Amino acid sequence: MDKTVPSLVAAVSGIGDGATVMIGGFGGSGAPIELIHALIDRFVATGHPKDLTIVNNNAGNGHVGLAALIEQRMARKLICSFPRSADPRVFTDLYLSGEIELELVPQGTLAERIRAGGAGIPAFYTPTAYGTDLAAGKPIEVFDGRPYVQERWLRADFAIVKAHRGDRHGNLTYNKAARNFNPLMCTAAATTIAQVSEIVAPGEIDPEAVVTPGIFVQALVAVADPQQEEVLNRAGARHP
Amino acid sequence: MTTKLSNAQIAWRAAQDIDDGAYVNLGIGFPEMVAQYQPPGRQAVFHTENGILNFGEPPIAGEEDWDLINAGKKAVTLNPGAAFFHHADSFAMVRGGHLDVAILGAYQVAENGDLANWSIGAGGVPAVGGAMDLVHGAKRVAVITEHVTKTGAPKLVKRCTLPLTGVACVTRVYTSLAVIDIENGRFVLREKLPSLSLEELQALTGAEFLVPDTVADLVVPEF
């Protein structure tokens, strides 16, 4: 078994118009910058993919990574918890002019909706958001005297994630707090594409250390020295 | 004579109520200051939504690791005994009642414990982050805040007029003038600045507070 793909271009080639794409990371930590940029490059060259629904905790920062994807108007809709950042202008301008749709989800509910999607649980109840605007229209149920809000699972056509090491079977480890949403998104997409700093032979990752088992990963691409969104932004970078 | 506490002094007061070994989440911004004022001999374990328990001080400039950040996207370091976990586990800690304390900022707190701290209403881009999750599950949800807004309007109110973060979730409020508990749908005054009369404090508070037999002086260090 070898899930390795030869290039970033090949890794994102199957993502089509209208797809729902989960993008890992929390701010820049764990964001698969190179995979996002490969997707943007394809759009700039071919006009596809477009009309994407993007799932991420945030809405990008500056003019690289997710912000650059939004800036190209590749996304029709964003599902996120916190569309603010040090420099959120790209999303803010499109949102205020009505050119991108926002589904705002509390952060823990976003994580649980993705987890539920990966686990085959179509809905669940949470105390989060009860009595607030973000629970409007959702079913409420009382359990043991306390009200809870029904939330639906989130699933995606694709997840693009950043991990640290991966073996050819797709078993993944992460670097520090860069795991955040990445392991959840791997479980909730029909096709998960992971960029990793190093691809190793099966057996070289201690099974005790595997965070994402390879069953959740369909494609693996090596990016030896991945860029950090924060570093790019401090340098004033833009993509493309 | 002290007319009101600085943010640092409010944070100091809140820090005195955190036990050694407590698991604590501090909201982004002002609440993060609470970590600086833990009493000697006490060490809380700080939780951040993006998947770290027991993070420490910021690194020195130039030594940031951008895979090691807090919920405010600021670089942090690790204390011995730190742990990483993914977002679903992180919010299991939150929603599952495993945190001892969450300390958050507020636009408004109502006498029944309702909190408004995520949105000032229509216009702009709405953003909620983890606030709606944090108010459910921590064993104690405390707020640190100025007692009144910049224009002098009460922030402790009968009913919140701004969009709610959570219903009946706040149990204690540390303000620039007082420490007030929320019990059975009412504000209960626990401490107030000695320079302020009960009448003066009540006039700055948007709902009537109960005055128990003993109200302590709110005394904090100068810094």
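About the cut-offs
Residues numbered from 1 in each chain as written. Chains lettered and ligands numbered in written order. Predicted model: local features only at pLDDT ≥ 70, side-chain atom pairs only at ≥ 80, totals over all residues. Heavy atoms only, no water. UniProt positions renumbered as here; feature names shortened; annotations may be inferred. Helix = DSSP H or I, 4+ residues; strand = E, 2+ residues; numbered from the N terminus. Rg over C-alpha atoms; globule rule 2.2 N^0.38 Å. Buried < 20%, exposed > 50% of the residue type's maximum accessible area, 1.4 Å probe, protein only. Contact = heavy atoms within 4.5 Å. Lys, Arg positive; Asp, Glu negative; His and termini not counted. Charge placed at Lys NZ, Arg CZ, Asp CG, Glu CD. Pairing = 2+ DSSP bridges.

The name an unreviewed UniProt entry gives chain B is 3-oxoacid CoA-transferase subunit B, with Shinella pollutisoli as the organism. Reading the Sequence similarities (unreviewed entry) entry of the UniProt record for chain B gives the comment "Belongs to the 3-oxoacid CoA-transferase subunit B family."

If you look chain A up in an unreviewed UniProt entry, it shows as 3-oxoacid CoA-transferase subunit A from Shinella pollutisoli. Per UniProt, chain A carries the Sequence similarities (unreviewed entry) text "Belongs to the 3-oxoacid CoA-transferase subunit A family."

Visitor: Break down the overall build of chain A for me, citing the residues and quoting the values.
Guide: Per the secondary structure count, chain A includes seven helices and 13 strands. The C-alpha atoms of chain A give 18 Å as radius of gyration, which agrees with the globular expectation for 240 residues (18 Å, within 12%). Expressed along its principal axes, the backbone C-alpha trace of chain A runs to roughly 55 × 45 × 30 Å. A burial count over chain A gives 55% of its 240 residues as buried. Considering only residue pairs separated by 6 or more positions, chain A has 76% of its internal contacts joining residues 24 or more positions apart. Between the mean site of the 21 positive side-chain charges and the mean site of the 25 negative ones, chain A shows a separation of 2 Å.

Visitor: Talk me through the sheet that holds strand β10 (residues 172-173) of chain A; I want residue IDs and the actual numbers.
Guide: Residues and elements named next belong to chain A. Spatial ordering of the open sheet is given by β10-β9-β12, a layout of three strands whose pairing is mixed. Pairing within the sheet leaves two strands with one partner each, and these edge strands are β10 and β12 (198-200). Inspection of the sheet shows strand β9 (residues 165-167) paired to β10 by two bridges, in the antiparallel sense. By the bridge assignment for β10, R165 is matched with T173.

Visitor: Would you mind going over the sheet that holds strand β9 (residues 156-157) of chain B in detail, with residue names and values included?
Guide: Residues and elements named next belong to chain B. Taken together, the three strands give an open sheet; going across it, the order is β7-β6-β9, and neighbouring strands pair in mixed fashion. Each edge of the sheet is formed by a strand with only one pairing partner; in this case those strands are β7 (115-116) and β9. The sheet contact formed by strand β6 (residues 108-110) and β7 spans two bridges and is antiparallel. What sits directly across from V109, in β7, is L115.

Visitor: Give a description of the pairing of strand β11 (residues 189-196) of chain A that names residues and reports values.
Guide: On a regular strand, one side chain projects to one face of the sheet and the next to the other, so that they alternate. Residues and elements named next belong to chain A. In terms of burial, β11 is largely enclosed, as six of its eight residues are buried. The sheet contact formed by strand β8 (residues 156-162) and β11 spans six bridges and is parallel. The partner of V161 across the bridge, within β11, is A194. Pairing of β11 with strand β13 (residues 219-222), which is carried by four bridges, proceeds in the parallel orientation. Its bridge partner lying in β13, V196 is registered against A222.

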